[in-house]
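Structural characterization, general
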Amino acid sequence: MRVPLWLLSLQIFGIPGAWAVDSLQLQSQSPQPPQTTLEPDDFSCPDYASYASRRHDPPSTGAYRLPYQRPVPACRTFNLSEVEETIAAMERVVKDPDLFRLFENCFPNTLDTAIAWKGITSNGTGEELTFITTGDINAMWLRDSANQLQSYKSLLRANGSSSSLASLFRGTINLQARYVQASPHCNAFQAPAEANLTAAFGLGSGADYVWPTPDATAVFECKYELDSLAAFLQLSHEYYVGTGDAAFFGGAGAGAGAEAEDVVGGWSDALDAVLNTTAELLAGTYGDDGSVAASPYTFQRSTSTATETLCNGGVGAPVRGGTGLVRSAFRPSDDACTYQLFIPGNMMLSRYLTLCADIVDTLGETEKAGMMRVFADSIRAGIEKYGRVNHRLFGKIYAYEVDGYGSYNVMDDANIPSLLSAPMFGYVSRHDPVYQNTRRFILSKENPYFMSGPVINSFVPPQIHPKLPKPQRCTTLHEQTDTQANTGYSTGGPHAGPGMAWPMSLIVRILTSDDDDEIVDSLRQILSSTDGLGLIHESINTQSESVWTRQW
């Protein structure tokens, strides 16, 4: 039987999907209304990082007895009735009480904890702004804020109300447009002046040397990450598809604020900043005469961590020009690229340039739309020419990074975009032979950031080579056979280091698999590795459930 568990996992872990799910095991659950031991009248709202580090009643009735970790309603940063209705609907469908509790805690988490401010611009245009923080850091990442709203994409409808989900999307796009126009090489930003929030201590605590020099009052961190610009396009496309609201993108002042005197307002102008910045970064390190070309971006940080800065005076490793690929100084993990032709970022940019060209067509800018499609096609051609390499076991696969000269990095990182996630954003079909080869490589010990151990457990990987054993079939969410013990598999990355597996990679496995056993086993691994907190950690030590980064 085809169990559509991937649809459930889309919603649990902050990635969009439609509503449908079958029961995971034959276990009934009595309705259990949410409640807490604290009332808002009795205390001031606690910091969620502290709140989430403790268990709160009532526990779930399943084997893991997971706590209820939502803040009380008065302490939630934004409330949407359609999200609460969705949670109630899922309780009637998901028969595993622990899995439902994980969903109940995680699905609304962005709304509960991360909408730090919502308002309008101070320039008199009435434009909406939404400032979404990244977990425990009081700053807004372009990529992260786009991904945080993806959880609710399936619920998005046209709605002019300032208290609607559509308004959250509009406000986030407007604020991202402001950021992109002012600082297109930067990845994370301070709250807008209109919010009157205390600024986070950013820009490497004074240890960053960046060109072009960013405005320290507006920028939290200025690591140039290609996927950050692609994320702005992704969020724009998702709003357009969900609402059909093409008029929003033609707003004359979208993205501008009274403080940004040198910024021309408008989504289209932010798009121009994306196009100009990425076109400039098509260039290689050397000119035709062998001279070293001036770099449009440099970054150096005083640090003892190699992945936090760039070599060669802040330029990074040399890259070849004329490949059709756009350079990226840093990865979506905020770690420096080894080779700056970052393939997953180029995949994502190519995909969303094509999709956003449809929006540009509706604005009557057909010439620009055509140029975007040509640009997207040239990036794709560069990926297929320079981004494919031959692996001794798996044949033709996609490399993670290349330099255009013949050097390449074969690995994958859990952070999105990754090679594993390429079908999620539509660059390639999950059934594509090169992608399937790449997937088998990523989910093998040939990938240097493939983690295994007893904590994230219960999955035996698919057969990847004739000499390897076939996968074992699973039992229920709370059981594992003797042959499945100590066989947890997940990918991580250099950001948290070797031995630290990221549940995010298990989510991506679910979203890129048609195998029911793999889907159920991946869910089991996530469910069993919360350290009893009922939330999904950033990363988990594969040898010890109690060693993890970030509660949620």
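Residues numbered from 1 in each chain as written. Predicted model: local features only at pLDDT ≥ 70, side-chain atom pairs only at ≥ 80, totals over all residues. Heavy atoms only, no water.

Before going further, it helps to examine the packing of helix α6 (residues 142-150) against helix α8 (residues 226-243). Packed helices, taken two at a time, are described by their axes: the angle between them and the distance between them. Two elements in contact, α6 and α8, have axes separated by 8 Å at closest approach and are oriented at 30 degrees. As judged from the angle between their axes, α6 and α8 are roughly parallel. As α6 packs across α8, the resulting crossing turns out to be left-handed. Facing L142, R143, A146, N147, L149 and Q150 of α6, the residues of α8 in contact are D227, S228, A231, Q234, L235 and E238. Its residues placed into classes, the contact of α6 with α8 shows five nonpolar, four polar and three charged. (Axes fitted to C-alpha atoms, helices over the stretch in contact; angles between N-to-C directions. Helix = DSSP H or I, 4+ residues; strand = E, 2+ residues; numbered from the N terminus. Parallel < 35°, antiparallel > 145°, perpendicular 65-115°, else oblique. Left-handed = near helix turned anticlockwise from the far one by under 90°. Contact = heavy atoms within 4.5 Å. Nonpolar A, V, L, I, M, F, W, Y, C, P; charged D, E, K, R; others polar.)

Counted under the stated rule, the structure contains one cavity of 30 Å³ or more. Considering only enclosed or pocket space, the largest cavity measures out at about 40 Å³ in volume. Taken together, Y224, L281, S295, Y297, L310, V315, R327, A329 and Q340 make up the full set of residues lining the largest cavity. (1 Å grid on protein atoms, 1.4 Å probe; cavity = no way out; pocket = protein on both sides within 12 Å on 5 of 7 lines; lining within 4 Å. Points joined across faces, edges and corners; volume = space filled by probe spheres on them.)

Residues Y286, V292 and Y405 make up a contiguous nonpolar surface patch of roughly 340 Å² in combined accessible area. Residue class for Y405 comes out partly exposed when judged on its relative accessible area of 47%. (Patch = residues over 30% accessible without salt bridge, like charges linked within 9 Å, V, L, I, M, F, W, Y side chains within 5 Å. Areas by Shrake-Rupley, 256 points an atom, 1.4 Å probe, with all protein chains shown as cover. Salt bridge = Lys/Arg side-chain N within 4 Å of Asp/Glu carboxyl O. Buried < 20%, exposed > 50% of the residue type's maximum accessible area, 1.4 Å probe, protein only.)

Moving on: the sheet that holds strand β16 (residues 539-541). A sheet is described by the order of its strands in space; here three strands give the open sequence β15-β16-β17, paired in antiparallel fashion. Here the strands that pair on one side only, and so sit at the sheet edges, are β15 (500-501) and β17 (544-549). (Pairing = 2+ DSSP bridges.)

Here we take up the pattern of salt bridges. For the structure on display, the rule yields 27 salt bridges. Across the pair E221 and K223 runs a salt bridge whose closest N-O atoms are separated by 3.7 Å. Neither residue differs from the other here; E221 and K223 are each classed as buried.

Okay, the pairing of strand β9 (residues 388-391) next. Only one face of β9 is covered, namely the one carrying V389 and H391; the face carrying R388 and N390 has none of its residues buried. In terms of strand pairing, β9 meets strand β10 (residues 395-398) through four bridges, oriented antiparallel. The residue of β10 that forms the bridge with V389 is I397. Once β9 ends, the chain turns through three residues before running back antiparallel as β10.

Overall, antiparallel pairing links the three strands, which are arranged β8-β11-β12 in an open sheet. In this open sheet, the two edge strands, each paired with only one partner strand, are β8 (341-342) and β12 (408-409). As judged from the two bridges shared by β8 and strand β11 (residues 401-402), these two strands associate in the antiparallel manner. By the bridge assignment for β11, L341 is matched with V402.

Taken as a whole, this structure holds two disulfides when the rule is applied. Between C45 and C75 runs a disulfide, and the two sulfur atoms are separated by 2.0 Å. In this structure the cystine formed by C45 and C75 twists about its S-S bond by roughly -90 degrees; its chirality is therefore left-handed. One end of the pair, C45, is in the loop between α1 (5-12) and α2 (48-51); the other, C75, is in the loop between α2 and α3 (81-93), and 30 residues separate them in sequence. In this structure C45 comes out as partly exposed when scored by relative accessible area, which is 45%. Judged by its relative accessible area of 15%, C75 falls in the buried class. Residue pairing for C186: its cysteine sulfur links by disulfide to C222, the two sulfurs lying 2.0 Å apart. A torsion of -75 degrees about the S-S bond marks the disulfide between C186 and C222 as left-handed. One end of the pair, C186, is in the loop between α7 (165-182) and β4 (188-189); the other, C222, is in the loop between β6 (219-221) and α8, with 36 residues separating them in the sequence. (Disulfide = S-S within 2.5 Å.)

Bringing helix α15 (residues 516-527) into the picture now. Counted at 1.5 Å a residue, the expected span for α15 with its twelve residues is 16 Å, and the 16 Å between its end C-alpha atoms agrees. Most of α15 is tucked away, with eleven of its twelve residues classed as buried. When α15 is considered as a whole, its buried residues turn out to be D516, E518, I519, V520, D521, S522, L523, R524, Q525, I526 and L527. (Expected span 1.5 Å × (residues − 1).)

Right, let's talk about the nonpolar core for a bit. The nonpolar side chains of a soluble globular protein tend to be buried with one another. F232, L233, M347 and L353 are the most contacted members of the largest nonpolar core, which has 133 residues in total. A total of eleven residues in this core trace back to one element, the largest contributor, which is helix α11 (residues 343-362). Once residues lying within four places of it in the same chain are set aside, the contact partners of M347 are I383, Y398, L419, A422, F425 and Y427. Counting five residues, the second largest nonpolar core, distinct from the first, contains A139, W141, A188 and A200. (Core = buried A, V, L, I, M, F, W, Y, C linked by side-chain atoms within 4.5 Å.)

On average, the protein chain scores 84 in pLDDT, and the residues at 70 or more come to 82%. pLDDT under 50 marks residues 1-42. Its contacts with residues more than four places away, or in other chains, come to 121 contacts. Between residues 457-488, whose pLDDT stays under 50, and residues either more than four places distant or in other chains, the model counts 79 contacts. (pLDDT = per-residue confidence, 0-100.)

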